[in-house]
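Analysis of the macromolecular model
In case you want the letters, here they are:
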Amino acid sequence: MARLSLNAVSKSFGDKTVVDNLSLTIEPGQFVALLGPSGCGKSTILRMLAGFETVSAGDIQHGDQCLSSTKFHLPTEERNFGMVFQSYALWPHMTVMENVGYPLKIQKVDRQNYHRRVQDALDIVQLNDFKDRLPSQLSGGQRQRVALARSLVTEPDVILFDEPLANLDRHLRESMEITFREFHRRTGATMVYVTHDQAEAMALANQIAVLKDGQLMQWSTPEDLYAQPSHEWVANFIGQGSILHCQSVIGNQLLTSTDVIGLLYDQTGQDGRMLVRPQHVDLSATSNMLQGTVRECIFRGERYDIFLELENGDTLHAYHTEPLTIGSTHQ
Ligand code: ADP
Ligand code: MG
């Protein structure tokens, strides 16, 4: 297993730069998410890692082997990377076992090894009982597990995923998140996982690259991304929260509620912004100095999501255990 690194990689189509001077170092065994809105260049990065696209500038290294540079391009089939895409792309006329074994057939692996490896891959995704079925006889989640097993069967160092859960319903996505986490623990492979869904990225990855317009905005653990977003754009994109306008703020500080109240009432200094997470707003406290009008109250089962309009026009999102009347004023 080797470190995967992108060094100042750019990619242009015509005069449009879609990946801009991207540098990332992915350690062996890491589960990395490439996270960003649609069109920000995630799939293009994955396709460069896979070898389906060349690089326009910079280079990609795997250990001490160069995969891609402007002068050299190692073909996809020589990279031994597994791949799983949004569409499962299973062969409809092949059984589960034949689908999973297909990459080994291409590699002309001998019979004994073929059976052992297919068996191991099916074990990992717990599909042994389904090995003689056709894809049409499986549920969406089971089909995606066949695609997972197939990505694994060649014993790759790195597995690349492009929005593999995007076609599944919410309930199934959540159970598949657990499947992916187990899959990572059992294989120990390096995983690079593309998604536009921040909750999915945080649930799966131990390191996240947040991308916007082909540029890296932040490269952090999920916890750091949530607690210390490096830009207002990242703060808006990750987790729940309100960006409040206040006069003087020192960037990237974690504040107590007293600090927050002080800042919101401070009329001096420059125009600043502050991120407030909803779980840090206590609407039941008696000493709140902030005043706001309830504009929305949404039941979420374990809590209510309350949206208050503050006196300065900002919206403040808070969690609360009780419903509040829309239009009522709270302090
Ligand atoms: P994402 O996966 O984040 O949604 P993509 O990497 O697919 O984004 O695309 C990034 C940008 O590059 C988009 O504007 C897309 O239209 C453009 N693009 C991707 N592939 C090509 C291509 N082969 N030729 C021209 N433009 C492309
Ligand atoms: Mg994409």
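Overview of the structure. This structure is a prediction, so every number in the text was calculated from the model and none was measured. Each chain has its residues counted from 1, following the order in which its sequence is written. Here every chain gets a letter starting at A, and every ligand a number starting at 1, in the order they are written. This being a predicted model, a pLDDT of at least 70 is required before a residue's local features are given, and a value of 80 or more before pairs of side-chain atoms are given or counted; all residues contribute to the totals for chains, interfaces and linings. Hydrogen atoms and water are omitted, and side-chain values are computed over all heavy atoms in the structure.

**Quick notes on the overall build of the protein**
Helical segments are the DSSP runs of H or I of at least four residues, strand segments are the runs of E of at least two, and each set is numbered from the N terminus. The helix and strand inventory of the protein stands at nine helices and 16 strands. Overall, the protein is about 75 × 45 × 30 Å in size when its C-alpha atoms are taken along their principal axes. Carbon and sulfur atoms form 47% of the exposed surface of the protein, whose accessible area is close to 16700 Å². Between the averaged position of the 28 positive side-chain charges in the protein and that of its 39 negative side-chain charges there is a distance of 9 Å. Computed by Shrake-Rupley with a 1.4 Å probe, the accessible areas treat only the displayed protein chains as cover when residues are assessed. Asp and Glu are treated as the negative residues and Lys and Arg as the positive ones, with His and the ends of the chain left uncounted. For this purpose, a charge sits on NZ of Lys, CZ of Arg, CG of Asp or CD of Glu.

**Brief notes about the site of ligand 1**
Any residue with a non-hydrogen atom lying within 4 Å of a molecule or strand is treated as near it. Residues in contact with ligand 1, as listed here, are Phe13, Lys16, Val18, Pro37, Ser38, Gly39, Cys40, Gly41, Lys42, Ser43 and Thr44. Contact distances for ligand 1 include 3.0 Å between an oxygen atom and a backbone N or O atom of Gly41. Contacts described as polar in this section are N or O atom pairs within 3.5 Å, which, within protein, must combine one atom able to donate a hydrogen with one able to accept it, while residues neighboring in sequence count only if both atoms come from side chains. Within the side chain of Ser43, one N or O atom sits 2.8 Å away from an oxygen atom of ligand 1. Computed on the free molecule, ligand 1 has an accessible area of 560 Å², of which 60% lies beneath the protein chains in the complex. Ranked by residue count, the leading element in the shell around ligand 1 is helix H1 (residues 42-50), at three residues.

**What to know about unusual backbone geometry**
Of note in this structure, Ala8 is not a glycine but carries a positive phi near 50°. Looking at the element boundaries, Ala8 is found in strand E1 (residues 4-13). The phi dihedral of Glu163 falls on the positive side, at around 45°, and the residue is not glycine. Within the secondary structure layout, Glu163 lies in the loop between strand E7 (158-162) and helix H5 (170-187).

**Brief notes about the nonpolar core**
Counting 44 residues, the largest nonpolar core has Val100, Phe161 and Val210 as its most contacted members. Broken down by element, the residue count for this core peaks at five residues, all from helix H4 (residues 140-152). Ranked by size, the runner-up nonpolar core spans 28 residues in total, among them Leu4, Val18, Val19 and Met83. Put simply, a nonpolar core is a bunch of buried Ala, Val, Leu, Ile, Met, Phe, Trp, Tyr and Cys residues held in one set by side-chain atoms that sit within 4.5 Å of each other. Throughout this description, buried means an accessible area under 20% of the type-specific maximum (1.4 Å probe, protein chains only), exposed means over 50%, and partly exposed covers the range between.

**Some words on the sheet that holds strand E3 (residues 31-35)**
Two strands are said to pair when DSSP picks up at least two bridges between them. If you walk across this open sheet you meet the six strands as E6-E7-E8-E3-E9-E10, and the pairing is mixed. Where the open sheet ends on each side, the last strands, each with one partner, are strand E6 (81-85) and strand E10 (215-220). Between one strand axis and the next, the sheet turns through 15° on average, direction left out of account. Summarising the sheet, E3 and strand E9 (residues 207-212) pair through four bridges and their orientation is parallel. From the neighbouring strand, Leu34 faces E9, where its bridge partner is Ala209. In this description, contact between two residues means that some pair of their heavy atoms is separated by no more than 4.5 Å. Interaxial angle, 0 to 180 degrees, is taken between N-to-C directions of lines fitted to C-alpha atoms, where a helix line uses only the stretch in contact. Its contacts with the sheet place H5 against E3, E7 and strand E8 (190-195), and it is angled at close to 160° to E8.

**Comments concerning the layout of surface pockets**
Taken as a whole, the second largest pocket encloses approximately 680 Å³ of empty space. Every residue lining the second largest pocket is counted, 21 residues in all, and those nearest its centre are Phe81, Met83, Pro103, Arg150 and Thr154. Elements that contribute at least two residues to the lining of the second largest pocket include exactly E6, helix H2 (96-106) and H4. In terms of residue count, the dominant contributor to the lining of the second largest pocket is E6 (five residues). With a 1 Å grid spanning the protein atoms alone, the term cavity applies to any set of points in which a 1.4 Å probe fits but cannot get out, the term pocket to an open set with protein on both sides within 12 Å along at least five of seven lines, and the term lining residue to any residue with an atom within 4 Å of a point. Grid points are joined across faces, edges and corners, and a volume is the space filled by probe spheres set on the points.

**A short note on H5**
With 18 residues, H5 should reach 26 Å at 1.5 Å per residue; the first-to-last C-alpha distance of 25 Å fits that figure. Against the buried residues of H5 lie E3, helix H3 (111-124), H4, E7, E8 and helix H6 (198-204). In the segment just after H5, Gly188 is the residue with positive phi, at about 65°. Between the first and last residue of a helix there are one fewer steps than residues, each counted as 1.5 Å, and that sum is the expected span.

**Quick notes on the environment of Thr325**
Topologically, Thr325 is positioned in the loop between strand E15 (315-320) and strand E16 (329-330). Since its relative accessible area comes to 58%, Thr325 is described here as exposed. With 261 residues separating them in the primary sequence, Thr325 and Asp64 have C-alpha atoms 63 Å apart.

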